[in-house]
Structure formats: C-alpha cells, structure tokens
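Observations on the model geometry
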Amino acid sequence: MLFQRPINIALSALALSFSFASSAQAADYPSRPITLVVPFAAGGPTDVVARSLGAELGKILKQPIVVENRTGAGGTVAANYVANAAPDGYTYFIHHNGMATATALYPALKYDPLKSFEYVGEVIDVPMTLLARKDFPANNMAEFITYAKANADKINLANAGPGAVSQLCGSLLQQALGVKFTTIPYQGTGPAMSALLGGQVDVLCDQTTQTIPHIQAGNVKFYGVTTLNRISKLPDAPTLNEQGLKDFEVKVWHGIYAPKGTPAADIAIFNKALKAALKSPDFTAKMADLGAEIVSEDRQTPESLKKWVQSEINKWTPILKAEGINVN
Ligand code: ASP
C-alpha cells in the first residue's frame, strides 16, 4: 500500500504528459505539407482520384497535399514504402483492390496489409470498362468474343502489373473466354491507355475514371462495363454479364491508409477532413462525371475499411491461388 502511492502518482503524471503531448500535436496538426502516395503512374485512374481528393483535403487541412507516384509491382512497391515510412502523420497512401490481392500474388511480400498500416477510410467505388484500340477488328462484344477465341495468340492485353485491377479483370476475361492473350504490363493504366491510344496494344480493361472521356470522344472501341448492372453514367452500355460472360464482375474500391503507429489523433483529424472532402461539391461532381461512386459515410471509417480488406483477402486469395498466378 505504502509503495503504491508514489507509483500511482508517477503513472498519472506520465498519463498527463502523454495526453498533453498528443493533444498538443493534434492542436497544430498538420503544420506542414502532407504526402499522399499513389502506387501507379501519373495520369492514371488512381492518380486522378488522388489529385482531385488531394486538392479538397488541402483546402480543408490548410496544408498542401503532395501527390507522390511510387510505381512498380502492381502497387506493392508503394505499399512497402508506406509500411516503412515515418509514422508521423505526414504520409498517407491511397490504394485499391491491390491491397487485398497482393498477399496471394506475392508470397515474398515484405509487409502485411492488415498489420503494417493504420486504416483511415474508404473513398470510392469505380466500375471498369473493356476497351480495344480504335482500329481493332471487333466492333462489339459478340464480335470481340468470336475474334478473341480465333486469334488469342495475336492479341496484346495491357495492364498495370500483377495485383492491379486491370490485371485481375484481364485474367477473369481470359478465364471466361478460355483463351490466353499476351500480357504487356505497364507502371499504371495511364501509360497503358497511352499505348492503347497509340495502337501499340490491342485490349485494356480499365476504370471509368480514366476511360469515360476516351469512350465519349470515340478514341477507343468500347465493349461494355464490368459491373453486374448497368451504370447511370453510361446507361446505354451493356454489361459483360448480359453479353455472354455470365456473372462477370470486377469492381474497384479505393481506401486511404497510413504507416503503422501514426498518432490516432492525427488519423482522426485526417479522417474528418476526408469525410468533408467526400461531400465537397467539386469532388462529388468530378467523380460523378467519371462514373465513380462515393462510398456511404458508414464506409468512410478505419474500422469499415479494415473489415472490408479482410473480407476481400478472404474472397480473392483462394481464387488467385487456384489461378496459379504467382509473381515471385
Ligand atoms: N487502374 C490501374 C489498375 O489497373 C492502376 C492505375 O494506374 O491507377 O490497377
């Protein structure tokens, strides 16, 4: 009893100094520019979302959000970089389905998607579209299926590397058609789209956040959307599901993360700013225009994102392992 008191006093003094330190940190946070790491090349769909979101977050947090593209290995180079970055509240990371597919695709992965990060919240869902170069012989999905089955060995399929959703979509497409194309990986679907527009590759599966302007301008052949139901932005575009590829579905989701150990007070401030940014008229209008859907508020939380990533790991690991895709 006699010995307990000084210890208690010391402990409460310690607790007081901790709470002081964290509230002091939160009070002037952020006090310098924040880096938002993007795992794919500039100009692609993830980059477009990061830059639009970064502009809103910058206004709300009153500090510039500096987008940093760290490309390679389907997003795992960037994820590994962020997992090892200083957990000081000044590095955040936007990533998509690749956060959940990497464990199955990269057995030698040096980070754990569930343990190496703090989770901030989900951002948007994006449908994908199946495209070919403008002068590709097939004019619609029925012709594409016939042509692809007869000429698979002549077809080049672009993607953003193993773990990217373009790769996932392309794999499911080849599986559904029972064919094998030649895959050409890029550092993101920004450069993959440039290659498609330049006629260097034949086929690309990519997010509407990049493809809608090219579809509307008639720069590409467009065969359909990868969601089970048609999307409001392209109401006349049939789904692949309704054109013979039964149950074909690939949906892209984006979440925000930070290095493990980032102060909870900073994450809370960033999450509050994220929720405000996801309501801002400029961001919502831009995303609607590009066919993306902002997630409901209950999904904009660390807990919801973590649950979702876990469920996606559980869903995709057996599928990808069965496919035998292994990049190590
Ligand atoms: N859309 C790409 C993918 O296939 C990545 C990107 O460049 O944003 O995952």
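Residues numbered from 1 in each chain as written. Predicted model: local features only at pLDDT ≥ 70, side-chain atom pairs only at ≥ 80, totals over all residues. Heavy atoms only, no water.

Here's the deal with the overall build of the chain
What counts, and what does not: In this text, helices come from DSSP runs of H or I with a minimum length of four residues, and strands from runs of E with a minimum of two, each type numbered from the N-terminal end. Values of the radius of gyration come from C-alpha atoms, whereas the globule rule sets the reference at 2.2 Å times the count of residues to the power 0.38. Three labels apply to residues, based on accessible area from a 1.4 Å probe with only protein chains included: buried if under 20% of the type maximum, exposed if over 50%, partly exposed otherwise in between. Residues are treated as being in contact if the distance between any of their heavy atoms lies within 4.5 Å. Method for areas: the Shrake-Rupley scheme with a 1.4 Å probe, in which residue coverage is limited to the protein chains shown. Under the convention used here, Asp and Glu are negative, Lys and Arg are positive, and both His and the chain ends fall outside the count. To locate a charge, the coordinates of NZ of Lys, CZ of Arg, CG of Asp or CD of Glu are taken.
Scanning the chain from terminus to terminus reveals 11 helices and 10 strands. In terms of C-alpha radius of gyration, the chain reaches 22 Å, essentially the compact-globule figure of 20 Å for 328 residues. Viewed in the frame of its principal axes, the chain has a C-alpha envelope of about 85 × 40 × 30 Å. Expressed as a percentage of the 328 residues in the chain, the buried residues total 53%. Long-range contacts, defined as pairs at least 24 residues apart, comprise 79% of the intrachain contacts of the chain with a sequence gap of at least 6. Carbon and sulfur atoms provide 57% of the accessible area of the chain, an area that totals close to 14,300 Å². The centroid of the 28 positive side-chain charges in the chain is displaced by 3 Å from the centroid of its 27 negative side-chain charges.

Some thoughts on the state of the cysteines
The bond known as a disulfide is covalent and runs between the sulfur atoms of two cysteines. Worth spelling out the cut-off: In what follows, a disulfide is any cysteine sulfur pair within 2.5 Å.
Enumeration according to the criterion identifies one disulfide in this entry. Each sulfur in the disulfide pair Cys169 and Cys205 lies 1.9 Å from the other. Note that Cys169 is positioned in helix α6 (residues 165-177) and Cys205 in strand β7 (residues 203-207), a separation of 36 residues in sequence. Side by side, Cys169 and Cys205 carry an identical accessibility label, which is buried.

Observations concerning the nonpolar core
For clarity, the threshold we go by: The definition of a nonpolar core used throughout is a set of buried Ala, Val, Leu, Ile, Met, Phe, Trp, Tyr and Cys residues joined through side-chain atoms within 4.5 Å.
Core analysis: the largest hydrophobic core is formed by 81 residues, its most contacted members being Phe117, Phe144, Phe181, Ile256 and Val309. The element that contributes the greatest number of residues to this core is strand β4 (residues 117-133), accounting for nine residues. Dropping the residues within four chain positions of it, Phe117 is found in contact with Ala79, Val82, Ala83, Phe93, Met99, Tyr111, Asp112, Tyr257, Ala258, Pro259 and Lys260.

Section: the confidence of the model for the chain
Rules: Residue-level confidence of the predictor, termed pLDDT, takes values from 0 up to 100.
The predicted model of the chain averages 90 in pLDDT, with 90% of residues at 70 or higher. The low-confidence segment residues 1-24 (pLDDT under 50) makes one contact with residues lying over four places distant or belonging to another chain.

Some words on the environment of Ser280
Tracing the backbone through its elements, the reader meets Ser280 in the loop between α9 (264-277) and α10 (281-289). On a C-alpha basis, the gap between Ser280 and Leu57 in space is 9.9 Å, while along the polypeptide they are 223 residues apart.

Some remarks on the packing of aromatic side chains
In plain terms, the rule: Note on ring pairs: Phe, Tyr and Trp rings are taken, using the six-membered ring of Trp, and paired if centres are within 6.5 Å. Classes follow the plane angle, with under 30 degrees stacked, over 60 edge-to-face and the rest tilted.
Tallying each qualifying case throughout the model produces 11 aromatic pairs. A centroid spacing of 3.6 Å and a plane angle of 10 degrees characterise the contact between Tyr92 and Phe270, whose relative ring orientation is stacked. Placement of the pair is Tyr92 in strand β3 (residues 91-95) and Phe270 in helix α9, with a sequence separation of 178 residues. A relative accessible area of 0% means that Tyr92 is categorised as buried. With a centroid separation of 6.3 Å and 25 degrees between ring planes, the pair formed by Phe93 and Phe117 is classed as stacked.

Topic: the pairing of β4
Two faces belong to every sheet, and in a regular strand the side chains alternate between them. Which entries qualify depends on this criterion: Strands are labelled as partners when DSSP assigns at least two bridges between them.
Within β4, 16 of the 17 residues are buried, leaving the element largely enclosed by the surrounding structure. With eight bridges connecting them, β4 and strand β9 (residues 251-259) associate as antiparallel partners. For Glu118, the partnering residue across the bridge sits in β9 and is Ala258. Of the strand pairs in this sheet, β4 and strand β10 (residues 293-294) are connected by two bridges, and their pairing is antiparallel. From the neighbouring strand, Asp125 faces β10, where its bridge partner is Glu293. Looking at chain direction, β4 and β7 are connected through five bridges and run antiparallel. Following the sheet pairing, Thr129 is matched in β7 by Asp206. Direction of pairing for β4 relative to strand β8 (residues 220-225): antiparallel, over a ladder of five bridges. Bridge pairing in β8 links Thr129 to Val225.

Digging into the site of the ligand
Note the cut-off: Only heavy atoms are used to decide nearness, and a residue is near a molecule or strand if one of them lies within 4 Å of it. N or O atoms closer than or at 3.5 Å make up a polar contact, with two conditions inside protein: a donor-capable atom paired with an acceptor-capable one, and, for residues adjacent in sequence, both atoms drawn from side chains. Of the two site types, the cavity is a set of points on a 1 Å grid over the protein atoms alone where a 1.4 Å probe fits but cannot get out, and the pocket is an open set with protein on both sides within 12 Å along at least five of seven lines, each lined by residues with an atom within 4 Å of a point. A cavity or pocket is said to hold a molecule if more than half of that molecule's atoms lie within 2 Å of its grid points. When residues are sorted by character, Ala, Val, Leu, Ile, Met, Phe, Trp, Tyr, Cys and Pro go into the nonpolar class, Asp, Glu, Lys and Arg into the charged class, and all the rest, Gly among them, into the polar class.
In the vicinity of the ligand, the contacting residues are Phe40, Pro45, Thr46, His96, Ala160, Ala164, Val165, Ser166, Gly188, Thr189, Asp206 and Gln207. His96 places a polar side-chain atom, nitrogen or oxygen, 2.6 Å from an oxygen atom of the ligand. Between Thr189 and the ligand, the recorded distance is 2.8 Å, taken from a backbone N or O atom to an oxygen atom. Given that more than half its atoms are within 2 Å of the pocket grid, the ligand belongs to the largest cavity. Classifying every residue of the shell around the ligand gives five nonpolar, six polar and one charged.

Some remarks on helix α7 (residues 189-197)
A turn of α-helix holds 3.6 residues, and therefore any two residues three or four places apart point the same way. Among all positions of α7, only Thr189, Gly190, Ala192, Met193, Ala195 and Leu196 are buried. Of the residues one or two after α7, Gly199 is the one with positive phi, at around 80 degrees.

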